[in-house]
There are 2 protein chains.
Amino acid sequence: MNKKDKDTEQLILQAAQKVFTEKGLAGARMQDIADKAGFNKALVHYYFTSKAKLFELIFEQEFKAFFFDLVGIVSSDLPLFEKIERIIEHDIDKMTKFPGLPNFVLNEISRNPEVILKQFKKIPVENVLGGFQKQINSEIKKGTIRKISSEQLLINIQSLCIFPFLARPMIKGLMRMDEKAFLAMMQKRKSTVLEFILGAIKA
Amino acid sequence: MNKKDKDTEQLILQAAQKVFTEKGLAGARMQDIADKAGFNKALVHYYFTSKAKLFELIFEQEFKAFFFDLVGIVSSDLPLFEKIERIIEHDIDKMTKFPGLPNFVLNEISRNPEVILKQFKKIPVENVLGGFQKQINSEIKKGTIRKISSEQLLINIQSLCIFPFLARPMIKGLMRMDEKAFLAMMQKRKSTVLEFILGAIKA
DNA sequence: GTCTATAATTTGATAGAC
DNA sequence: GTCTATCAAATTATAGAC
């Protein structure tokens, strides 16, 4: 594979990423992907055979982007409060950088469960959750925080960080914000959410 | 319009509600709607003219279902903590009853903003938020809760209640839950979330 | 490797019989 | 009001030239 190939393949992948995350599997058009990449439909098929195959590649990539760093942070040996802060920062920064990411991943999982379940098996959930639970239990024992499960705490952190991005057009519409104001609010929310969570869990 | 008409129309609307909320606008098929209603495509067009028109009806209905009761609760004169409890109950009960609701509404708004913005104008946001903010300010003044804006508090409540339903297949996949376990967790989450929020805002 | 042209399929929509 | 049959448009996919 020479340099030209690599460029073309990458250009198509980038275009596909954009179109799929904006429109979803059902709404995406191979023509749009070809146009955005600067080539034609035939070439997209030449490189990736079918829409379904191309979608799978993109989905896997986005799914990893959604989880990879997060698992690293949760599994790290940072102190609990600092870890929570890092998760919040990670989430909000990632969603700011890839606006369509959470909607795409969650929505496509909901609507195409069959294509996707195999992705879950790549994540060592038991280890990650188990380790995090140990850390939490130790803090509970020390009396620094109230009783809570690692699952519920993680769900709460993710909820508070990710939901506003999923509801972005609604929040903007209801609260009369433009894009700039929304992003400013989300930056400020890093500390708002951290305080909120620490207030909720501290004993 | 006689009884037969009414039945047919209703059956088609019910089928459309199911198909659109499961598949979204782009993924929905008129054929599926006709099949599920027990009639044929031609009849669906006879009653509702086009896919776009039928979608608009369903979307408006779902959008109202999403907001109508919520606005009532937020605008009520319940004491703050009780109001928060009622919002949580309302959200979780509604999402339990209509599983596809939040994903459908938020996702279609993200992907078809042009069709939908007019819905927002039906909600008297300023009044609702303004009244709620007054109630919050009065509690802050009394020293019962910490400083927080009505917007952020509402976003937090909605995040904690709705996000788990949006991430349902992911949560079930990662945490090895079946549907029954998931719903049991969400019921239990009513009190978990209430405690979490009260812990976070109480002074 | 990239293009044009076209086949094959899917799907929204309509005509016309009953 | 409901159906069958069919059209027209959109869209995925392939054949074949360069």
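Chemist: Honestly, the overall build of chain A in this entry has me stumped. Any pointers?
Modeler: Tallying secondary structure elements over chain A gives eleven helices and zero strands in all. Secondary structure elements of chain A occur, N-terminal to C-terminal, as α-α-α-α-α-α-α-α-α-α-α. With the C-alpha coordinates aligned to their principal axes, the bounding extent of chain A is approximately 65 × 40 × 30 Å. For chain A, restricting intrachain contacts to residue pairs at least 6 apart in sequence, the fraction spanning at least 24 positions comes to 65%. Of the roughly 9800 Å² that chain A leaves accessible, carbon and sulfur atoms contribute 56%.

Chemist: Just to check I follow, could you spell out the nonpolar core for this structure?
Modeler: In summary, soluble globular proteins display a tendency toward joint burial of nonpolar side chains. Judged by nonpolar contacts, the single largest core of 140 residues is most densely connected at F20(A), I84(A), M170(A), F20(B), I84(B) and M170(B). With near-sequence residues (within four places) excluded, F20(B) lies in contact with R111(A), L25(B), A28(B), I33(B), K51(B), L54(B), F55(B), I58(B) and F104(B).

Chemist: Could you clarify how one ought to interpret the interface of chain A and chain B in this entry?
Modeler: Frequently, the measure chosen for interface size is the accessible area that the parts lose on association. Facing 54 residues of chain A, the contacting portion of chain B comprises 54 residues. With both chains or domains summed, chain A and chain B bury close to 4400 Å², and 68% of this area falls on carbon and sulfur atoms. Its largest share of buried area at the contact with chain B, chain A owes to R111(A), M170(A) and F196(A), together 17% of the area lost on that side. Put simply, chain A and chain B have four salt bridges between them. We note a salt bridge from R111(B) to E108(A), for which the minimum N-O separation is 3.9 Å. For the pair chain A and chain B, the number of links is eleven residue pairs in polar contact (both at pLDDT 80 or more).

Chemist: Is there a simple way to explain the relation of the copies chain A and chain B in this structure?
Modeler: Both copies of the chain are related by one operation, a rotation about an axis with a shift along it. With an RMSD of 0.1 Å, the fit of chain A onto chain B corresponds to turning through 180° and sliding 0.0 Å along the axis. The superposition of one copy onto the other is thereby described by a two-fold rotation axis. The rotation axis passes nearest to the C-alpha of A200(A) in chain A, at a distance of 2.0 Å. Residue by residue, 100% of the interface of chain A is reproduced at the interface of chain B, so both copies engage with the same surface.

Chemist: What is the right way to read the domain arrangement of chain A from this model?
Modeler: All names here are of chain A. Taken domain by domain, chain A comprises domain 1 (1–49) and domain 2 (59–201). When each unit is reduced to the centre of its C-alpha atoms, the spacing between domain 1 and domain 2 is 30 Å. Across the contact surface, domain 1 and domain 2 share zero salt bridges. Connecting domain 1 to domain 2 are two residue pairs in polar contact (both at pLDDT 80 or more).

Chemist: Sorry if this is basic, but what is going on with unusual backbone geometry here?
Modeler: The phi angle of most residues is negative, glycine excepted, and most peptide bonds adopt the trans form. Residues and elements named next belong to chain A. Backbone geometry places T49, a non-glycine residue, at a positive phi of 70°. With respect to the element layout, T49 can be found in the loop between helix 3 (41–48) and helix 4 (51–75). With relative accessibility at 48%, the residue T49 sits in the partly exposed group. Even without being glycine, R176 reaches a positive phi, approximately 50°. Relative to the assigned elements, R176 resides in the loop between helix 10 (168–174) and helix 11 (179–201).

Chemist: Is there a simple way to explain the pattern of salt bridges in this structure?
Modeler: Pairs can form between side chains of opposite charge whenever their charged atoms are close. Here the structure, examined in full by the defined rule, presents 19 salt bridges over all chains. Among the charged side chains, a salt-bridge network with shared partners connects R168(A), K172(A) and E179(A).

Chemist: Would you take a moment to explain the packing of aromatic side chains for this structure?
Modeler: One pair of aromatic rings is described through two measures. These are the centre distance and the angle between the planes. Residues and elements named next belong to chain A. Counted under the stated rule, the structure contains 21 aromatic pairs over all chains. On the numbers, 5.3 Å between centres and 75° between planes, the contact of F20 with F55 is edge-to-face. With a gap of 35 residues between them, F20 in helix 1 (residues 3–27) and F55 in helix 4 connect regions that are remote in the sequence. When sorted by exposure, F20 lands in the same class as F55, which is buried.

Chemist: What is the right way to look at the packing of helix 9 (residues 150–166) of chain A against helix 11 of chain A in this model?
Modeler: Each pair of packed helices can be summarised by the angle the axes make with each other and by the distance between the axes. Residues and elements named next belong to chain A. Contact geometry for helix 9 and helix 11: axes closest at 10 Å, N-to-C directions at 160°. When the axes of helix 9 and helix 11 are compared, the pair comes out roughly antiparallel. Taken as a pair, helix 9 and helix 11 cross one another with a handedness that is right-handed. Contact with helix 9, carried on its side by L153, I157, L160, C161, P164 and F165, involves F182, M186, R189, V193, F196, I197 and I201 of helix 11 and no other residues of that element. Taken together, the residues that form the contact of helix 9 with helix 11 break down as twelve nonpolar, no polar and one charged.

About the thresholds
- Residues numbered from 1 in each chain as written.
- Chains lettered and ligands numbered in written order.
- Predicted model: local features only at pLDDT ≥ 70, side-chain atom pairs only at ≥ 80, totals over all residues.
- Heavy atoms only, no water.
- Helix = DSSP H or I, 4+ residues; strand = E, 2+ residues; numbered from the N terminus.
- Contact = heavy atoms within 4.5 Å.
- Areas by Shrake-Rupley, 256 points an atom, 1.4 Å probe, with all protein chains shown as cover.
- Core = buried A, V, L, I, M, F, W, Y, C linked by side-chain atoms within 4.5 Å.
- Buried < 20%, exposed > 50% of the residue type's maximum accessible area, 1.4 Å probe, protein only.
- Buried area = accessible area lost by both parts, 1.4 Å probe.
- Salt bridge = Lys/Arg side-chain N within 4 Å of Asp/Glu carboxyl O.
- Polar contact = N/O pair within 3.5 Å; in protein donor to acceptor, adjacent residues only side chain to side chain.
- Least-squares fit on C-alpha atoms with pLDDT ≥ 70 in both.
- Domains from an automatic or database assignment.
- Phe/Tyr/Trp six-rings, centres within 6.5 Å; stacked < 30°, edge-to-face > 60°.
- Axes fitted to C-alpha atoms, helices over the stretch in contact; angles between N-to-C directions.
- Parallel < 35°, antiparallel > 145°, perpendicular 65-115°, else oblique.
- Left-handed = near helix turned anticlockwise from the far one by under 90°.
- Nonpolar A, V, L, I, M, F, W, Y, C, P; charged D, E, K, R; others polar.

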